[in-house]
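A look at the structure
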Amino acid sequence: MVVQAILWILYGLLLQPEPGTATLPLLMDSVIQALAELEQKAPATEAGHTASAWLLSAQDSCAHNPLQHFLLEEQSLKTTMLDPPSLSPELQGLTMEVARHGVWDGKECGVVLASDGSTVAVEPLLAGLEAGLQGNRVVNLPLDSTDTPPDAGVTFPDFGATVPDVRATSPGLRDTSSDATWADVGAVSPNVRATDLDVQVTSPDVQASSADTKAKFPTTVDSLLVVTLARDLGLNFLQGPQTWSHSLGTEGCWDQLSLPRTFTLLDPEASTLTTAFLNGALDGALLGDYLSRSPEPPPPLSHLLSQYYGAGVAGDPGFRSNFRRQNGAALTPTPILTQQVWGALILLQRLEPAHPHLQGMSQEQLAQVATHATKEFTEAFLGCPAIHPRCRWGAAPYQGRPTPLQLPLGFLYVHHTYMPASPCTDFERCAADMRSMQRFHQYTRGWDDIGYSFVVGSDGYVYEGRGWHWVGAHTLGHNSRGFGVALIGNYTAELPAEAALRAVRDELPRCAVRAGFLRPGYALLGHRQLVRTDCPGDALFNQLRTWPHFDKNVKPRTARRASRRSRRASR
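The present account deals with the structure reproduced in this document. (Residues numbered from 1 in each chain as written. Predicted model: local features only at pLDDT ≥ 70, side-chain atom pairs only at ≥ 80, totals over all residues. Heavy atoms only, no water.)

Helices and strands together make up the secondary structure of the protein, namely 17 helices and 17 strands. The contacts of the protein with a sequence gap of at least 6 include a subset with a gap of at least 24, amounting to 79%. A total of about 22600 Å² of accessible surface is found on the protein, and carbon and sulfur atoms cover 50% of it. (Helix = DSSP H or I, 4+ residues; strand = E, 2+ residues; numbered from the N terminus. Contact = heavy atoms within 4.5 Å. Areas by Shrake-Rupley, 256 points an atom, 1.4 Å probe, with all protein chains shown as cover.)

Structure, rendered in structure tokens:
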């Protein structure tokens, strides 16, 4: 139990830091450093103490989240209080800054910058790690006489479009599918006290509902999903339609990337369900699931996070933060997540009967909230590619005044960059390639900005160029009619990574249609079909021919002989 104890030591330090201490950059590497320092200082004699032994010093801080307090911290242990090992002043200052996630005056707090370029909320990440260390507890829900009986079905509206069938490739997820159940992956902590609410913690024995439009009344909740995703999804969508336009996935910009200190959201009216929060929640759920499956003793958390935010857990490049959305889609099929959100609201209604948004809510109403919240999360976040905004890759300012597009557009034009010729597989390289292309386009070509609307790396991310709203410089004579999307690399003889192909073929256009940027009947064209060029390369163009929206009626134009430099970024 040393790993669990260390996690709760960090929780205690997060909430009781020494004032006035120096701090480190808000980087995930700094959080990993704090965990490593705690792991080095924790004496082996504390191996018999569970996580709750360290919780006692921080219980008062949990009033803002009674559901998390109940599911993770309400354990009855008669152990001796131990003084947690102290962190260095720099790390204590860091813990003070990432203690609690929140959004205030357009600034997002409690977040750090990871090495893959993503911003991650620490609070839901730690909650998921703790839930995983406790095991995938399945908590039986209490039922009132006024509740819908557990054998009665509640008809859900049509879920509409869903995330494609994605199977995670990581060892911890490869058995997960839309037919998987939490009963398959959990073990129950024997130390849970839930007598106050007549809620029992039992062995997981509930089957997930099938992927249809009728869901059974939830009789259980899974602590891992509740403390990471389900609670916050439900509460956010309880607030009503007026908040939904700002509900999911707002991005932001750091004041600087080398020594990040302040994170400013791009939408000042954003809810707390920002991209950073959802990143942390997904990471917590994925890593918690992995920990719950791992044999004893669990791996050191610092080592696990170093792998996950690095090359991949246990050497699996598919199980890393770059692919959290794909792996998250496999872990949280829509029917399962809908029931977990609904169940979280039921339990929260019992824990906080005076909650202003839950008072008087019927089970039918809670079911509708859960359905809508899950649908939005599944379609608008999990089903969309992760896009790094311009500020993340260090874009130079636009030169001149951009011309707005008249949306929605009817075309998607596919390019390869040719130069850089090698695919980029990590954020540092991809960001450098973006800056290099922008310099070439601005100072050699004389264009106002990087020409492409979006650029796709082989690192699992899409990079914003001119974006959804401004005319690009990518397909001569057609720039105002469509978006230009380029894949980094030379794809004359080989294909891009599957994740990059999926982003261009499925994710980016589907989300553009959903957002009203692209017409549902859009046509997809290779650059060579409109301009005399070899772009996007023979291998990639032959692949485009097999895609659903490809317009075969537009014949490729014969490429003129061009110099290496001119082919680098033909307009």
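Picking up after the structure, the text goes on.
Moving on: the sheet that holds strand E12 (residues 387-388). The six strands are arranged E12-E15-E14-E16-E13-E17 in an open sheet whose pairing can be described as mixed. Two strands bound the open sheet, and with one partner strand each, they are E12 and strand E17 (518-526). In terms of strand pairing, E12 meets strand E15 (residues 462-464) through two bridges, oriented parallel. Along E15, the bridge assignment pairs His 388 with Tyr 463. Sheet strands touched by helix H14 (residues 427-444): E12, strand E14 (454-456) and E15. Its angle to E15, the strand with the most contacts, is close to 35°. In the packing of helix H15 (residues 498-515) onto the sheet, the strands contacted are E12, strand E13 (409-416), E14, E15, strand E16 (482-487) and E17, and the crossing angle to E17 comes to about 150°. (Pairing = 2+ DSSP bridges. Axes fitted to C-alpha atoms, helices over the stretch in contact; angles between N-to-C directions.)

Turning to the pattern of salt bridges, a few remarks are in order. Oppositely charged side chains can pair when the atoms bearing their charge come close. For the structure shown, the criterion picks out 14 salt bridges. Among the ionic pairs, Arg 528 bridges to Asp 538, the shortest N-O distance being 2.8 Å. Of this pair, Arg 528 sits in the loop between E17 and helix H16 (538-544) while Asp 538 sits in helix H16, placing them 10 residues apart in sequence. Owing to a relative accessible area of 38%, Asp 538 belongs among the partly exposed residues under this scheme. Residues joined in a network through salt bridges with shared partners are Lys 375, Glu 376, Glu 379 and Arg 514. (Salt bridge = Lys/Arg side-chain N within 4 Å of Asp/Glu carboxyl O. Buried < 20%, exposed > 50% of the residue type's maximum accessible area, 1.4 Å probe, protein only.)

When the local axis directions of helix H7 (residues 223-238) are compared, the greatest deviation, roughly 45°, occurs at Leu 229. By the criterion of burial, H7 is predominantly enclosed, with 16 of the 16 residues buried. The residue sitting at the N-terminus of H7 and contributing the capping side-chain oxygen is Asp 222; that oxygen lies 2.9 Å from the backbone nitrogen of Leu 224. (Bend = angle between axes of the 7 residues up to and from the residue. Polar contact = N/O pair within 3.5 Å; in protein donor to acceptor, adjacent residues only side chain to side chain.)

Per the stated rule, a full pass over the model turns up three disulfides. Cys 384 shares a disulfide with Cys 511; S-S distance 1.9 Å. Looking down the S-S bond of the Cys 384 and Cys 511 bridge, the torsion is -110°, so its handedness is left-handed. Here Cys 384, found in the loop between helix H12 (363-382) and E12, pairs with Cys 511, found in helix H15; they are 127 residues apart in sequence, far enough to count as distant. Residue classification places Cys 384 among the buried positions, given a relative accessible area of 12%. Overall, Cys 511 belongs to the buried group, its relative accessible area being 13%. Covalent S-S linkage joins Cys 424 and Cys 430, the inter-sulfur distance amounting to 2.0 Å. With the S-S dihedral at roughly 100°, the linkage between Cys 424 and Cys 430 falls on the right-handed side. With relative accessibility at 0%, the residue Cys 430 sits in the buried group. (Disulfide = S-S within 2.5 Å.)

Once that is clear, we can look at the packing of aromatic side chains. Evaluation of the coordinates by the stated rule reveals 12 aromatic pairs. The interplanar angle of 50° and the centroid separation of 4.9 Å between the aromatic rings of Trp 254 and Phe 263 together place this pair among those described as tilted. The class of Trp 254 is buried, set by a relative accessible area of 8%. When the centroid spacing of 4.4 Å and the interplanar angle of 55° are considered together, the rings of Phe 454 and Trp 468 count as tilted. A residue pair is termed long-range when its members are at least 10 positions apart, and Phe 454 in strand E14 and Trp 468 in the loop between E15 and E16 qualify at 14 residues. (Phe/Tyr/Trp six-rings, centres within 6.5 Å; stacked < 30°, edge-to-face > 60°.)

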